[in-house]
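Single-letter residue listing:
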Amino acid sequence: MARAQSPGDLRDYFQEFEDIRSSKRHDEDDEDGAKTPDEGEQEAEWLQEAGYGFIVSKYQAGKEFSEDEINKFTESMPSNHAAVVKRRVDTLNATLRKKQKYTTKIDVRNIFPEQLPGGRTVIHSQPLEGEEEGTRQLARRPATLPRGIKFGSYNGDSSLWTRQTPKSPISPRSETVHPEWSRNKGGKGSFMKNKGGYSMSGMSEEVHDNVQQGVEMLSLQQKGTVQKRWSQLSPISDTDITFDFKLEENGGDLSPHGNNTVMSQVNAFDLPNFTLVPDKLGLTCIDDISEMDVTYVRNNALLELTSMYDTHNINYSRRRTKKRHKEHGIFGVPLVTLLEQDQKLKPNARIPLVFQEIVSYLVKFCLDTEGILRVPGSTSRIKQLRQEFEERFYQGTFIWGDDLTPNDVAALLKQFLRDLPVPLLTDEYIEAFAQVENLPDKKQQLHALNLLILLLPTVHRDTLNVLLEFLERVIEQKDTNKMSLNNVAMIMAPNLFMAPKVRGSNPAKNKAVWDIEIKMAANTSNIMKMLIRYRGILWTVPTYLMSLVRRTYELETLRKNKDNKSKMKGLLSKKDKSEVYKKPALKHEADFQDGVIRIQAPNLTKSSTALQLDNNMTAGDVVAKFKVIQGSANAGNENSDVGKTQHGPIYNDPRNYQSAGDDTFLFEVGGNIGERCLPHNTNMLTLYKVNPNAEWIIKRRERFKIT
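Note that the structure is predicted; figures quoted are calculated from it, not measured.

(A) Representation of the overall build of the protein. For the protein, the helix and strand inventory stands at 22 helices and 11 strands. Considering the protein as a whole, with its 707 residues, one finds that 49% of them fall into the buried category. Excluding contacts between residues fewer than 6 apart, the proportion of contacts in the protein whose partners are at least 24 apart in sequence is 74%. Roughly 36200 Å² of accessible area belongs to the protein as shown, and the carbon and sulfur atoms make up 48% of that amount.

See below:
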């Protein structure tokens, strides 16, 4: 947890805060009047994002999920992931029951029922149609009763039936409370929302134990034979996957590809020197896997983050705004919209071109400027620069003026970030980022930040990555520009985290608001420091998440095989079995020897070769076999014996030979993964045993760099 800080310690933060307040445009609209989410709405959104849209569809159709159904689709999940899903489904079920309309109205006298000797409770029935109020007809009973009420033995008065006593705690909304929730009765406060019992709305609910009165909500379960499990894989236990973000202090590389940055030499007094522990399967960067793999990573990252926050009784709400988004222009346009229009001009663009242009200018000409980011630029020049970008950038006529100062351009960069209608950290997760400081230690905080980075939409994650790399470059020149990690973090924090309601308040007139801002300044500045300091780690997919992704593909394969069995039975009835099971001719007999893989390089002169793996062979060794050896062209013979390396003929004109370069990597494709670019230190034999059905393809991998 962050140490207590005074306003003096946060001078740069509050100076930036005041600069933003003074430069705030009059036509800027705060996100006031946002619609309060309906009960169960945020749980449904959470399930949809976690990949359980089928649950939401059934809920929207007015149908509950039974306990057996929940257990069926969570049986292959780790226990903590299954728990967070079940809690949300239980909440949807309770919400659905509350929305149901009963044909019989509940008598107001039943809210505080009269207790009789022997534990019986007096239940007053409503008069039926045609009866006078207060009369009772013994021969006629209501067609239905309030849920939780059951008929008892007739004792001469049809208004008296027995009631079951609730066995579970009841929340103030008359919902059955999960046993774990009743243990979470409070917690430390958050500078944005309260902490307390689980609530997706961000409000803390007081849980009442030992409730003896009220109407119990019961769910009916259909009796019958136990259904056979659809999965042939054994359920995942906590011992199968270690939920520990593998880090070690002092040593190792910061990034999966071994690209140490300047931040490895930065010694922040309150940030340990965490580095990644090597993994034989190779560490995976989120940018090095396919879109489908990223989707599976996000699904599991959300489950893990929610489990972590639930464990520590931390709530976060998702911002909701009615603010309209511009569809054209540059400033005030969502990143997604900007990138879509930029990719029409440059198909390979990963971040908005205007943002890339501003950052590139700052890197080329402004890094050594004293007070860069801290000193505000000229308001008139910034306004003029902004207008020129809007009018000329997409016309191809924009040029940087000679009268501009580095501080003008840096101020425009910060203004671009603040004006984004969808924050860089997104409406969904900006508060979750801010809540990271409530986790008990730096290792868990770093783990949570890692999960949040993985959850960001691709364009937001890529833009944030470029921003943080630029900030690293600024800090690298700290001896010249006087901008340390602490200075940069405090200045950038209000540009990424500023809350609109706090922005428009006057702290001098409200001590409570001032206290909130002090805590907000300290927390968000610390988070900003961690984002900059550990950028090389945060874009790495933890090993346990990759294991869960592989598990997902394996389960899908089992489903497909199960579906194909019925089709195969029909096929066998029409064709001879010998034809159906006839094996195709093997193109490369040697490929099916144990520990042998065939490497394909469709874009290189040496397009294919078979390799016998050994305990020490790495992905880098494989790629090296496709590089040119000085004095010869390394063209391989496709028919070479396994385990031998045969060099092809020496080409008279080396320009005709296409070989692997420094930007060439080995890719793992198919099997229990979509597509993954392998770091050069990946142990191939270990990976082969994990994914024996994969294809191995060599191709180039371009990485974005600030120029």
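(B) Examining the sheet that holds strand E8 (residues 608–612) more closely. If you trace the five strands from one edge of the open sheet to the other, you get E8-E7-E11-E9-E10, paired in mixed fashion. For this open sheet the edge positions go to E8 and strand E10 (675–677), each flanked by a neighbour on one side alone. The average undirected angle you get between the axes of adjacent strands in this sheet is 30 degrees. In this sheet, strand E11 (residues 695–700) lies alongside strand E9 (residues 664–669) in antiparallel orientation, the contact comprising six bridges. Bridge pairing links Leu 666 to Ile 698 in E11.

(C) Structural detail: the nonpolar core. By size, the foremost hydrophobic cluster in this structure holds 136 residues, and its most contacted members are Tyr 309, Leu 373, Phe 389, Leu 467 and Phe 470. If we ignore the near neighbours within four places in the chain, the residues touching Leu 467 are Phe 355, Leu 413, Leu 417, Leu 424, Met 492 and Leu 496.

(D) Main features of the environment of Asn 616. Summarising the element assignment, Asn 616 is placed in the loop between E8 and helix H21 (619–624). The class for Asn 616 is exposed, based on a relative accessible area of 65%. Taking the C-alpha atoms as reference points, Asn 616 and Leu 685, separated by 69 residues in sequence, lie 7.9 Å from one another. In this structure, Asn 616 is in contact with Asp 621 and Asn 683, ignoring residues within four places of it in sequence.

(E) View of the packing of helix H8 (residues 353–365) against helix H13 (residues 458–476). Running from N to C, H8 and H13 cross one another at 10 degrees; their axes reach a closest spacing of 11 Å. Between H8 and H13, the crossing angle belongs to the class labelled roughly parallel. Contact residues: H8 offers Phe 355, Val 359, Leu 362 and Val 363, while H13 offers Thr 463, Val 466, Leu 467, Phe 470 and Arg 473. Of the residues belonging to the contact of H8 with H13, the class tally is seven nonpolar, one polar and one charged.

(F) How the structure looks around the packing of aromatic side chains. Inspection of the entire model under this criterion finds 17 aromatic pairs. Taking the centre distance of 5.5 Å and the plane angle of 75 degrees together, the rings of Phe 389 and Trp 400 count as edge-to-face. One end of the pair, Phe 389, is in helix H9 (residues 379–392); the other, Trp 400, is in the loop between H9 and helix H10 (406–418), with 11 residues separating them in the sequence. The pair Phe 389 / Trp 400 is uniform in exposure class, with both members buried. Clustering of aromatic rings is evident, with ring pairs tying together Tyr 361, Phe 365, Phe 389, Phe 393, Tyr 394, Phe 398 and Trp 400. When the ring centre of Phe 667 is taken as reference, the NZ or CZ atom of Lys 699 above it lies at 4.7 Å.

(G) Representation of the state of the cysteines within the structure. According to the stated counting rule, one finds zero disulfides in the structure shown. Left unpaired, Cys 677 is separated from the closest cysteine sulfur, that of Cys 285, by 9.1 Å. Relative accessible area serves as the criterion here: at 1%, Cys 677 is assigned to the buried category.

(H) Broad picture of the packing of helix H15 (residues 485–497) against helix H17 (residues 511–533). Direction vectors running N to C along H15 and H17 enclose 110 degrees, while the axes themselves pass 8 Å from each other. The orientation of H15 relative to H17 falls into the category roughly perpendicular. In this structure, H15 crosses over H17, and the sense of that crossing is right-handed. On the side of H15, the interface is formed by Leu 485, Asn 486, Val 488, Ala 489, Met 490, Met 492, Ala 493, Leu 496 and Phe 497, while H17 contributes Met 520, Thr 524, Ser 525, Ile 527, Met 528, Lys 529, Ile 532 and Arg 533. For the contact of H15 with H17, the residue count by class is 12 nonpolar, three polar and two charged.

(I) Up close: the pattern of salt bridges. Considering all chains together, one arrives at 17 salt bridges under this definition. The shortest N-O distance in the salt bridge between Glu 49 and Arg 318 comes to 2.8 Å. In this pair, Glu 49 sits in helix H2 (residues 41–49) while Arg 318 sits in the loop between helix H6 (291–311) and helix H7 (335–342), placing the two residues 269 residues apart along the sequence. The class for Glu 49 is partly exposed, based on a relative accessible area of 27%. The class of Arg 318 is buried, set by a relative accessible area of 10%. A salt bridge links Asp 287 to Arg 350; the nearest nitrogen and oxygen atoms lie 3.5 Å apart. With a gap of 63 residues between them, Asp 287 in the loop between strand E5 (284–285) and H6 and Arg 350 in the loop between H7 and H8 connect regions that are remote in the sequence. It is possible to trace a salt-bridge network through shared partners that takes in Asp 287, Arg 350, Arg 461 and Asp 462.

(J) A look at the pairing of strand E7 (residues 596–600). In terms of burial, E7 is largely enclosed, as four of its five residues are buried. As defined by bridge partners, E7 adjoins E8 across five bridges and the pair is classed as antiparallel. Residue pairing for E8: Arg 598 is matched across the bridge by Ala 610. By the bridge criterion, two bridges tie E7 to E11 in an arrangement that is parallel. For Gln 600, the partnering residue across the bridge sits in E11 and is Ile 697.

(K) The environment of Leu 613, seen in detail. As for its placement among the helices and strands, Leu 613 is situated in the loop between E8 and H21. Sequence-distant contacts of Leu 613, that is, excluding residues within four places in its chain, are made with Gly 595, Ile 597, Met 684, Leu 685 and Tyr 688.

(L) Structural view of the pairing of E9. Among the six residues in E9, six count as buried, and that is most of the element. Side chains Thr 664, Leu 666 and Glu 668 project from E9 onto one buried face, and the interleaved Phe 665, Phe 667 and Val 669 project onto a second face that is buried too.

(M) Quick peek at H2. Inspection of H2 places Gln 42, Glu 43, Ala 44, Trp 46 and Leu 47 among the buried residues, and these make up the whole buried set. On the buried face of H2, the contacting elements are helix H3 (53–60), helix H5 (79–99) and H6.

What counts and what doesn't
Note on numbering: residues in each chain are counted from 1, in written sequence order. Per-residue local features of the predicted model are confined to residues with pLDDT of at least 70, and side-chain atom pairs are confined, for both listing and counting, to 80 or more; whole-chain, interface and lining totals are unaffected and use all residues. Only heavy atoms go into the side-chain values, all of them from the structure, while hydrogens and water stay out. Numbering of helices and strands runs from the N terminus, with a helix taken as a DSSP run of H or I at least four residues long and a strand as a DSSP run of E at least two residues long. When a residue's accessible area, from a 1.4 Å probe over protein chains only, is under 20% of the maximum for its type it is buried; when over 50% it is exposed; and in between it is partly exposed. In what follows, residue pairs with any heavy atoms lying within 4.5 Å of each other are defined as contacts. Using a 1.4 Å probe, the Shrake-Rupley method yields the accessible areas, and only the shown protein chains count as cover for residues. Strands are treated as partners if at least two bridges between them are detected by DSSP. Axis definition: a line fit to C-alpha positions, over the contact stretch in the case of helices; interaxial angles, taken between N-to-C directions, run 0 to 180 degrees. Here, nonpolar core means buried Ala, Val, Leu, Ile, Met, Phe, Trp, Tyr and Cys residues that are tied together by side-chain atoms lying within 4.5 Å of each other. Should an angle lie under 35 degrees it is considered roughly parallel, over 145 roughly antiparallel, and from 65 to 115 roughly perpendicular; all remaining angles are considered oblique. Three categories are distinguished: nonpolar for Ala, Val, Leu, Ile, Met, Phe, Trp, Tyr, Cys and Pro, charged for Asp, Glu, Lys and Arg, and polar for the others, with Gly belonging to the last. Classification of ring pairs uses Phe, Tyr and Trp, with its six-membered ring standing for Trp, and accepts pairs whose centres are within 6.5 Å; under 30 degrees between planes counts as stacked, over 60 as edge-to-face, and the remaining range as tilted. Placement of a positive charge over a ring is assigned whenever Lys NZ or Arg CZ falls within 6 Å of the ring centre and within 35 degrees of the normal to the ring plane. Criterion for a disulfide: a pair of cysteine sulfur atoms within 2.5 Å. Handedness of a helix crossing follows the sense of rotation of the near helix relative to the far helix, less than a right angle counterclockwise being left-handed and clockwise being right-handed. The salt bridge definition used is simple: a Lys or Arg side-chain nitrogen within 4 Å of an Asp or Glu carboxyl oxygen.

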